[in-house]
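Structural features, examined
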Amino acid sequence: MQRLLEILLGLDGGFLGREGDLSFDFNPAWPGGSTVGHGLINAVLVVAAVALVVWIYRREGRKRSTKLILGGLRLSLLLLLITLLNRPVLTLTQTREEPSVVAVMVDDSSSMSVRDVGESTDPARPTRFAAANQLIEQLLPTLAETHQVELFRFDDSAVNTDTDQLATLEPTGGATQVTPSVRAVERELAGRNLAGVVVLSDFQDTPRAADTALLDQLRDAGVQILPVPVGSPTPPANLDVVSVSAQETAFAGDIVNIAVDLRADNLPAGEPVTLQLVDRATGVVQAGPDGRPARTTLNPEPGEPLETDLQIKTDQVGTLDLLVEAVPLVGELTEDDNRRPLRIEVLDASIAVLYVDGYPRWEFRYLKQELTRDKTVELSVLLYSADPGFPQGGNNPVRRFPESMDEMLEYDVILLGDVDPIQFSDFQLQLIREYVAEKGGGFGMLAGPRYSPQEYIGTPIEQVLPVDVTEVASFAFAQGTTITEGYRPVLTAAGEQLGMFRFFADREQNQRYLENDLPESLWYVRGIEAKPGVAQVLAQHPTAQAPSGQPAPLLIGGRYGSGRTLFAAIDDSWRWRYYTGEAVFNTYWVQNLRYLARGRKLGQRRYTFDADRPAYALGEQVTVSFRALDGGLLSQLGDSIGVNVKDSDGVAVRQLTLRQQENRPDTFVATFTADGIGTYAAELNDLPQAAGAGVSIQVEAPTLELARPQVDVEASTALASETGGEVVPLADALDRLPQLLTSAARSVPIRMEQALWDAPIALVLFVLLITAEWVGRKMAGML
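**What to know about the packing of aromatic side chains**
Counting across every chain of the model gives 16 aromatic pairs. Measuring from ring centre to ring centre gives 5.6 Å for Tyr-487 and Tyr-524, while their planes differ by 80°; the resulting arrangement is edge-to-face. Placement of Tyr-487 in the loop between α13 (472–475) and β21 (490–491) and of Tyr-524 in the loop between α15 (507–517) and β22 (529–530) is noted, with a sequence separation of 37 residues between them. For the pair Tyr-487 and Tyr-524, one class covers both residues: buried. Residues Trp-576 and Tyr-588 carry aromatic rings whose centres are separated by 4.8 Å and whose planes lie at 80° to one another, so their mutual orientation is edge-to-face. Taken together, the residues Trp-576 in the loop between β25 (563–568) and α16 (583–603) and Tyr-588 in helix α16 connect sequence positions 12 residues apart.

Now the structure itself:
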C-alpha cells in the first residue's frame, strides 16, 4: 500500500518509510505575489472560479440538483488546477549530527629531542617529543568520547598523521614555524565544528619571524588555541666537542697529541666535565702513554671555549678508529655533539733515510750521530767533502748517490743538506723529482749558507721545494756578517698540530719551554716564501719578515705530487741540545723525518676510503671517495664501486654507487644528502680487495634548532591570548584539556522536497473530474 501511494504521488521508492518529519506545503510563484501576497491572489482565483461556475450553470435550464452536481464537478476541477498552480510539495525533514572536532599538533623538530622534561636529577627523563607522545597516548581516549580528534605533526609545516606513525618518528625537523603551522591546520579543518587546537611544542620558531598578521587571522577565525609547553624555560646544560685535531697518520710507538676544543653552556657552577678517548667499536676507554685511561677531568667556564689535550700511544700498526667523548651530563641539551670521530693510521715506525751533505758543519755532525743512534731510523750518510776512503757512517753505509729509481726506492726519505748541486748529475736531480712526485717519497732540505737553497734555482729540485727561493740572493746575510741576536721559532697552528715542536706532554709546559727556555738560534735563510696552495708554514721568525711582509718562515712543509716535502731554513737546531741533552733535538728531527716518510708509508697501502669530513649538519651533502693507491688494484676495478650506508644498528639505509672521475681515474666519488641524525657507516660492499673497509659519518642536528633550546613562554602566551585560549602546563594537561575543550557538535536539518504538481495522482484526478463533468453534461442533454 505504501509503495502504491509513493507511485501515485511520484515519490522515490521508500521515501515515505524514511525517518523524519513529513509535511505538506505550497511554493506558489504567482506574478506580483511578492507584492500583494500569494494568499490574496489565491482568494481572487477561488472567487473567480466560483463565480464562473455559478454564471455558467445558472443559465442552464435543467434540474437544480443536476446543475449543482455538475457545477460541483466543474468547481472541483478549477480548484484542482489552482492547487497545482500553487506548486504543492511534500517535505521530509531529517536531522544530521555534525561532531565536534579537536586538532592535536605535536612538534617534531630537532629541538624536541632535548631531555628536559621532569626532574633535572633524573638521568632517565624523556625527551620533549617522547613526553608529548606519552600525553597524546593518554589524552586521546578521553577526547574521543566527545570529539573527533585530528592528529598533526609539524616543524615548518603541518602534516596529518596518526599514533602509529608518531610512535616511529624521531624529532629531526630542521626548522620550526608554530603559528604558520597552526594556521594551516585551521584552514584544513575549515567548515568543521572545531572546538579547539592543542599545540604541544617548545614554541621556539627557527628562524624567528614576526607572526602579527597570522595571529590576527587566528583571532578572526574564532577558534581557541591551547598551547602546551613541553620542556623547560631554563636553557639546558650542554657539552659540545667543537673540534678534534690530530695527525692523520702516526708511527708505531708514537705518542699522539689530540687537540680538543670543548664548549660548555649553562653548566651549574663547579660542575666537572670528563673528556675521554674511546674505541669507536667497543666503547672501551683507551690507554694513555702512562698506561692509565686516556681521560681528563675539567672545570670549564660556562660559555667559554676550552682547549685541552688527550694523548695516546700508538703501539700497533693499523687503523685506530676512535671517538673523543665528553661524558654526557644529566639533562643535557643533546648528546649528538658530545662526540667527535677520529681515525689515525698507524704506520711501521722504521724509516730508511739517505742524508746527503756537502761538508761536516755542526748540524751535520750532531744530526748524523743522533739518527744513527735512533732505533727507528735506518740511516745512510753521504758527505761529499769526505776523502774517498773515509767511512761515511750511518747504520747502512753507502758510497754514492742512487743512480736508478730502484735504488731510490730503498729509502723513505732523502734529506739534502748544504751541498753543491754540481755533485749531482742532471739525471740524479730529475730522479729525486720523480721519486717524490710519482713514488710518494719524502724530500727535505736543510738550508745552509753556501749552496742550499739558492744554488738550486733552475734545477728540478726548485720545483720540489715547498718554498719560492728566487729572492734568497738579494736577502742573504753579507759575507762575514757576525750575528749576535738570537731568536726562538714561533709555531703556527699547523706546526702545533703536527707536533715537530711537541717536547713535553703538557701543552702549557711545552709552550713555556718554547717561549722562554729553548736555546736561541742565530742564522736562517732570508728571502724565502711559502709556495701558495702546496705549502704550510709550521714555524716562523718572531720579528723578521719575508719579502711579502708576512713573518719570515723557518720550517715549511708541503706536497709535491704524491710525496711530502720539507724545508728547514735554520742550520743550528743542534744548539737545542744545550742543557737538554738529546731529547729535544732528537724529538724534533725524528718527527720531521716521520712527517716526510708518511707519503711512502701510506703508499704501501692499496687504497684510501673516506668522507670529505667526519661530521655534517642535517640536510648537508655528504661526499665519500675511494682512491686506489696501487696500480694493480686500479686495473681490477670497473668504473663504479658499490657502497652500503648503515645506521648505528647495522641496518642498511642507503645504497650508493661510487663513480670513477674522468680527471682522476684512480678516484671514485659518490654524494648523498644527510637526511637523518645519527652515526652512520659507509662500507664497501662489492670489493673483495678492500673487505671490511668503511668510513664513519656523523650527522648532527642543525645548530639553528638548538641555538635557543629553552621553551619560549612568551610565544606560547601570545598564541593563547590572541585566540581566547589558555596555556596549559604539561603536568595539568591530562585533566585540564578535556575541561577546556567543550563540545562544538551541532544538529543540522536536512530537507528533502518532492513536487506533487506533476504527480500521477494529479493527472488521475484531473482526468476523472473533467470526464465526470463531460459524461454528466451529456446525460443531462447539455452541450
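**Some details on the side chain of Ser-573**
Tracing the chain through its elements places Ser-573 in the loop between β25 and α16. Accessibility expressed as a relative area gives 0% for Ser-573, which makes it buried. Setting aside its immediate chain neighbours within four residues, Ser-573 contacts Glu-363, Phe-585, Tyr-588 and Trp-589.

**Things to note about the packing of helix α7 (residues 178–188) against helix α8 (residues 212–221)**
Relative orientation of the contacting elements α7 and α8 amounts to 35°, with a least axis distance of 10 Å. Between α7 and α8 lies a crossing of left-handed hand. On α8, the residues that touch Thr-179, Pro-180, Val-182, Arg-183, Glu-186 and Arg-187 of α7 are Leu-214, Leu-215, Gln-217, Leu-218 and Ala-221. Taken together, the residues of the contact of α7 with α8 sort by class into 6 nonpolar, 2 polar and 3 charged.

**Regarding a nonpolar patch on the surface**
Among the surface-exposed residues, Val-46, Val-50, Val-54 and Leu-79 lie close enough to one another that they form a single nonpolar patch of about 260 Å² accessible area. Of note, Val-54 is situated in helix α3 (residues 38–58). For Val-54, a relative accessible area of 46% translates into the label partly exposed.

**Concerning helix α18 (residues 713–722)**
Think of an α-helix as turning once every 3.6 residues; residues three or four places apart then point the same way. If you check which residues of α18 are buried, you get Ser-716, Leu-719 and Ala-720. Looking down the long axis of α18, one finds its buried residues gathered within 95° of arc, a one-sided arrangement. Exposed residues lying more than 90 degrees from the buried face of α18 are Glu-714 and Ser-721. The N-cap residue of α18 is Asp-712: its side-chain oxygen and the backbone nitrogen of Glu-714 are 3.3 Å apart. At the C-terminal side of α18, Gly-724 shows a positive phi close to 75°.

**Regarding the environment of Asn-338**
With respect to the element layout, Asn-338 can be found in the loop between β14 (318–326) and β15 (339–347). Between the C-alpha atom of Asn-338 and that of Glu-137, which follows or precedes it by 201 residues, the distance is 32 Å. Those residues within four positions of Asn-338 in sequence are excluded, and the remaining contacts are Leu-239, Val-241, Val-324, Glu-325, Ala-326, Val-327, Pro-328 and Glu-332.

**Some thoughts on α15**
Turning to α15, its buried residues number three or more, namely Asn-510, Tyr-513 and Leu-514. Each buried residue of α15 lies within a common arc of 95° when the element is viewed along its axis, so the set occupies one face.

**Things to note about the pattern of salt bridges**
Following the criterion strictly, the structure yields 22 salt bridges and no others. Asp-108 serves as the salt-bridge partner of Arg-153, at 3.3 Å between the closest nitrogen and oxygen. Taken together, the positions of Arg-153 in strand β4 (residues 147–154) and Asp-108 in the loop between β3 (100–107) and α5 (128–144) put the pair 45 residues apart, joining distant regions of the chain. Across the salt bridge formed by Arg-292 and Asp-290, the nearest N and O atoms sit 2.9 Å from each other. With relative accessibility at 57%, the residue Arg-292 sits in the exposed group. Within the structure, one salt-bridge network assembled from shared partners comprises Asp-116, Arg-128 and Asp-202.

**Examining the sheet that holds strand β12 (residues 295–298)**
If you trace the 5 strands from one edge of the open sheet to the other, you get β9-β15-β14-β11-β12, paired in mixed fashion. The open sheet is flanked by β9 (249–251) and β12, the only strands paired with a single partner. Each strand axis lies, on average, 25° off the axis of its neighbour in the sheet, ignoring direction.

**Observations regarding the pairing of β14**
Direction of pairing for strand β11 (residues 273–279) relative to β14: antiparallel, over a ladder of 5 bridges. Counterpart to Asp-279 in the pairing with β14 is Leu-322.

**Examining unusual backbone geometry**
Following Ser-452, the chain continues to Pro-453 via a peptide bond in cis, the omega torsion being 10°. Within the fold, Pro-453 resides in the loop between β19 (442–446) and α12 (460–464). With a phi close to 50°, Arg-87 is a non-glycine residue in the positive phi region. Here Arg-87 shows up in the loop between α4 (64–85) and β2 (88–98). You can call Arg-87 partly exposed: its relative accessible area is 40%.

**Notes on the environment of Ala-352**
Of note, Ala-352 is situated in strand β16 (residues 351–357). Judged by relative accessible area, Ala-352 falls into the buried class, the value being 12%. For Ala-352 and Arg-559, which are 207 residues apart along the polypeptide, the C-alpha to C-alpha distance reads 19 Å. When neighbours within four sequence positions are excluded, Ala-352 is seen to be in contact with Glu-378, Glu-410, Tyr-411, Asp-412 and Val-413.

**Brief notes about the pairing of β12**
Burial along β12 is one-sided: the face carrying Thr-296 and Leu-298 is buried and the face carrying Arg-295 and Thr-297 is not. Relative to β12, β11 runs antiparallel, the two sharing 4 bridges. Bridging across to β12, Leu-275 finds its partner in Thr-296.

**What about the side chain of Asp-107?**
Along the chain, Asp-107 turns up in strand β3. Nearest to the buried, unbridged Asp-107 among oppositely charged side chains is Arg-128, at 7.3 Å. Only 2.9 Å separates the side chain of Asp-107 from the side chain of Ser-201, close enough to count as a polar contact. Apart from the residues lying within four places of it in its own chain, the contact partners of Asp-107 are Met-112, Phe-129, Phe-154, Asp-155, Thr-176, Leu-200, Ser-201 and Asp-202.

**A look at the environment of Leu-8**
For Leu-8, the location among the structural elements is in helix α1 (residues 2–9). For Leu-8, a relative accessible area of 31% translates into the label partly exposed. C-alpha separation for the pair Leu-8 and Val-327, spaced 319 residues apart in sequence, amounts to 88 Å.

Analysis parameters
Residues numbered from 1 in each chain as written. Predicted model: local features only at pLDDT ≥ 70, side-chain atom pairs only at ≥ 80, totals over all residues. Heavy atoms only, no water. Phe/Tyr/Trp six-rings, centres within 6.5 Å; stacked < 30°, edge-to-face > 60°. Helix = DSSP H or I, 4+ residues; strand = E, 2+ residues; numbered from the N terminus. Buried < 20%, exposed > 50% of the residue type's maximum accessible area, 1.4 Å probe, protein only. Contact = heavy atoms within 4.5 Å. Axes fitted to C-alpha atoms, helices over the stretch in contact; angles between N-to-C directions. Left-handed = near helix turned anticlockwise from the far one by under 90°. Nonpolar A, V, L, I, M, F, W, Y, C, P; charged D, E, K, R; others polar. Patch = residues over 30% accessible without salt bridge, like charges linked within 9 Å, V, L, I, M, F, W, Y side chains within 5 Å. Areas by Shrake-Rupley, 256 points an atom, 1.4 Å probe, with all protein chains shown as cover. Salt bridge = Lys/Arg side-chain N within 4 Å of Asp/Glu carboxyl O. Arc of directions from axis to C-beta. Polar contact = N/O pair within 3.5 Å; in protein donor to acceptor, adjacent residues only side chain to side chain. Pairing = 2+ DSSP bridges. Lys, Arg positive; Asp, Glu negative; His and termini not counted.

Function cannot be read off these values alone, since they describe shape.
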